[in-house]
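# Commentary on secondary and tertiary structure
The residues making up each chain are set out below.
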Amino acid sequence: MSTAEHPWGRVDADGTVYVRTAEGERVIGSWQAGSPDEAIAFYQRKYEALETEVVLLEQRISATDLAPAQAAATVARLLATIGDASALGDLDGLRARVERLTEDVGHRREEAKAAREQARVQARDLKERIVAEAEQIAAEATHWKSSGERMRELLDEWKAAPHADRAAEAALWKRLSAARNAFTKRRKAFFASLESEREEVRARKEKLVAEAEALSGSTDWGPTTSEYREMMNRWKAAGRADRDAEAELWKRFRAAQDKFFTARAEVFSAKDAELRGHAEAKQQLLDQAQTLLPVTDFRAARSALRSIAERWEQIGAVPRDSREHLESGLRRVEEAVRKAEDAQWRRSNPEALARAQDTVAQLRSTIAQLEDQLGQARERGDERAVGNAEDALTARRAWLAEAEHTLAEFTS
């Protein structure tokens, strides 16, 4: 058999195949099935297959998210495979390439470690926020339904969140559990207190209902109406019992009021009809009284008005909305009769007549004197005296007109 040479090995005459490495030649096989060139081609293909594995690993490490541990295991396997590989090629170069991948894997391992740490920190922060909100709800919440729903949502968010480091996660979970328990205890205590308060409200309203029912047959309309009004204020201030009790108590309370106010309305309706009749009767009397106007004979008018007033009082009360109209109408007639009587008295009073006559005489005398003074002042050309005399005359003439009017009343 002949020999064959290759840049990285040879085949000797007995078919032994060698590969050259930095450590020297190493036997990688024995070839008896064909020519030396075929042997070289065979072992070269094995090298190429090994090199392809290295290339694929390089690509996966540089371009994919291959886990560092998996990459490290593959590197170790390839180094071991290259160390005793039955392949013809640059095994030392191939080894060097794989060893460089060890450094890349180390970097990837550190990056993965940093990423895991960052993820744990982010997870811890997220769960810190979840716990903080749960603790705030546990301490402050009063809207129990919405807060309870939010607590359940926070638990779901916790379960869906990534894991933090074990110690931190355990501490946060302990806080979350404590917050949930505290919230549940506060809610139970609130509803227990609410139930007790509602029972107290129910007792207070039971008492109010009993009072209302006891008064429902009263005919003391005014005071009882005030009492019902006060009871309604107490009802509103008492708070609310549970729904069923509140509805039943209100039904009884309202029924008692309705019984009283219905009876009162019936009585008031009859009373109102009676008062309307009184108003009609008084309107007829008012119409009679108004026929006395204007007063020409005060004595006859006074006698007729006295008769009207007696019948007026006998009729009794009228509705409030008619009272002012009727009363003011009668007062106007009474006032007209009184004024006519006063005027007649003044006309028949001799002392007043004498005083009126004397006043008119004095004013006429004074005016005559002032007219003489005015004429003299004009003759002298004394403008100041003229002005004073004219002013005095104007005033006295006005007084005289009023005095003459008064005197005319006495003589008419």
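Presented here is an overview of the structure given in this document. (Residues numbered from 1 in each chain as written. Predicted model: local features only at pLDDT ≥ 70, side-chain atom pairs only at ≥ 80, totals over all residues. Heavy atoms only, no water.)

Now for the overall build of the protein. A tally of helices and strands in the protein yields eleven helices and four strands. Here the protein has a C-alpha radius of gyration of 63 Å; the compact-globule value for 412 residues is 22 Å, and the former is much larger. Residues classed as buried in the protein amount to 32% of the 412 residues present. When the accessible surface of the protein is summed, it comes to about 25,800 Å², and 51% of that surface belongs to carbon and sulfur atoms. In the protein, 67 side chains carry a positive charge and 74 a negative one; their mean positions are 5 Å apart. (Helix = DSSP H or I, 4+ residues; strand = E, 2+ residues; numbered from the N terminus. Rg over C-alpha atoms; globule rule 2.2 N^0.38 Å. Buried < 20%, exposed > 50% of the residue type's maximum accessible area, 1.4 Å probe, protein only. Areas by Shrake-Rupley, 256 points an atom, 1.4 Å probe, with all protein chains shown as cover. Lys, Arg positive; Asp, Glu negative; His and termini not counted. Charge placed at Lys NZ, Arg CZ, Asp CG, Glu CD.)

Moving on, we come to the pairing of strand β4 (residues 24–30). Two strands pair when backbone bridges link them, and strand β3 (residues 16–21) and β4 are joined in this way by six bridges, in the antiparallel orientation. Across the sheet, V19 pairs through a bridge with R26, a residue of β4. Remark: two residues form the turn of the hairpin made by β3 and β4, two consecutive strands paired antiparallel. (Pairing = 2+ DSSP bridges.)

With that out of the way, let us pick up the packing of helix α5 (residues 166–215) against helix α7 (residues 243–290). One way to put it is that α5 packs onto α7 with a least axis distance of 8 Å and a crossing angle of 20°. Judged on the interaxial angle alone, α7 and α5 are roughly parallel. In this structure, α5 meets α7 at a crossing whose hand is left-handed. Contacts from R202, K205, E206, L208, V209, A212, E213 and L215 of α5 reach α7 at A245, E246, L249, R252, F253, A256 and F260. (Axes fitted to C-alpha atoms, helices over the stretch in contact; angles between N-to-C directions. Parallel < 35°, antiparallel > 145°, perpendicular 65-115°, else oblique. Left-handed = near helix turned anticlockwise from the far one by under 90°. Contact = heavy atoms within 4.5 Å.)

With that settled, the discussion passes to helix α4 (residues 144–160). For α4, with 17 residues, the first-to-last C-alpha span of 24 Å sits near the 24 Å given by 1.5 Å per residue. Of the positions making up α4, those classed as buried are W144, S147, G148, M151, L154, L155 and W158. The buried residues of α4 all sit within an arc of 115° when viewed along its axis, so they share a single face. In α4, the exposed residues that point more than 90 degrees away from the buried face are K145, R152 and A160. (Expected span 1.5 Å × (residues − 1). Arc of directions from axis to C-beta.)

The next point concerns the sheet that holds β4. The strand order across the open sheet built from four strands is β1-β2-β3-β4, with neighbouring strands paired in antiparallel fashion. Sheet topology places β1 (4–6) and β4 at the edges, where each strand pairs with a single neighbour. For this sheet the average axis-to-axis angle between neighbouring strands, irrespective of direction, equals 20°. Of the pairings in the sheet, the one linking β1 to strand β2 (residues 9–11) comprises three bridges and is antiparallel in character. When the bridges of β2 are listed, A4 appears paired with V11. Packed on one face of the sheet, helix α1 (residues 36–63) meets β1, β2, β3 and β4 and runs near 30° to β1.

Time to look at the nonpolar core. Core analysis: the biggest nonpolar cluster contains 27 residues, and V17, L50, L57, I61, I82 and L91 have the highest contact counts within it. For this core, the secondary-structure elements that each account for two or more residues are β3, α1, α2 (68–83) and α3 (91–140). Of all the elements, α1 adds the most residues to this core, at eight residues. Sequence-distant contacts of I61, defined by excluding residues within four places in its chain, comprise L66, A71, L101, D104, V105 and R108. Ranked by size, the runner-up nonpolar core spans 15 residues in total, among them L292, W312, V318 and V333. (Core = buried A, V, L, I, M, F, W, Y, C linked by side-chain atoms within 4.5 Å.)

Along its 17 residues, helix α6 (residues 221–237) runs 24 Å from first to last C-alpha, staying within 8% of the 24 Å computed at 1.5 Å per residue. Tucked inside the fold, the buried residues of α6 contact α5 and α7. Just downstream of α6 lies G239, where phi reads positive at about 95°.

Moving on: the pattern of salt bridges. Throughout the structure, instances matching the rule amount to 27 salt bridges. E51 is the salt-bridge partner of R97, the closest N and O atoms lying 3.3 Å from each other. Linking R97 in helix α3 with E51 in helix α1, this pair joins segments that are 46 residues apart in sequence. Owing to a relative accessible area of 27%, E51 belongs among the partly exposed residues under this scheme. Between R97 and E58 there is a salt bridge, with its nearest N and O atoms 3.1 Å apart. Of this pair, R97 sits in helix α3 while E58 sits in helix α1, placing them 39 residues apart in sequence. For E58, a relative accessible area of 23% translates into the label partly exposed. By sharing partners, the salt bridges in this structure join E199, R202, E206, E213 and R252 into a single network. (Salt bridge = Lys/Arg side-chain N within 4 Å of Asp/Glu carboxyl O.)

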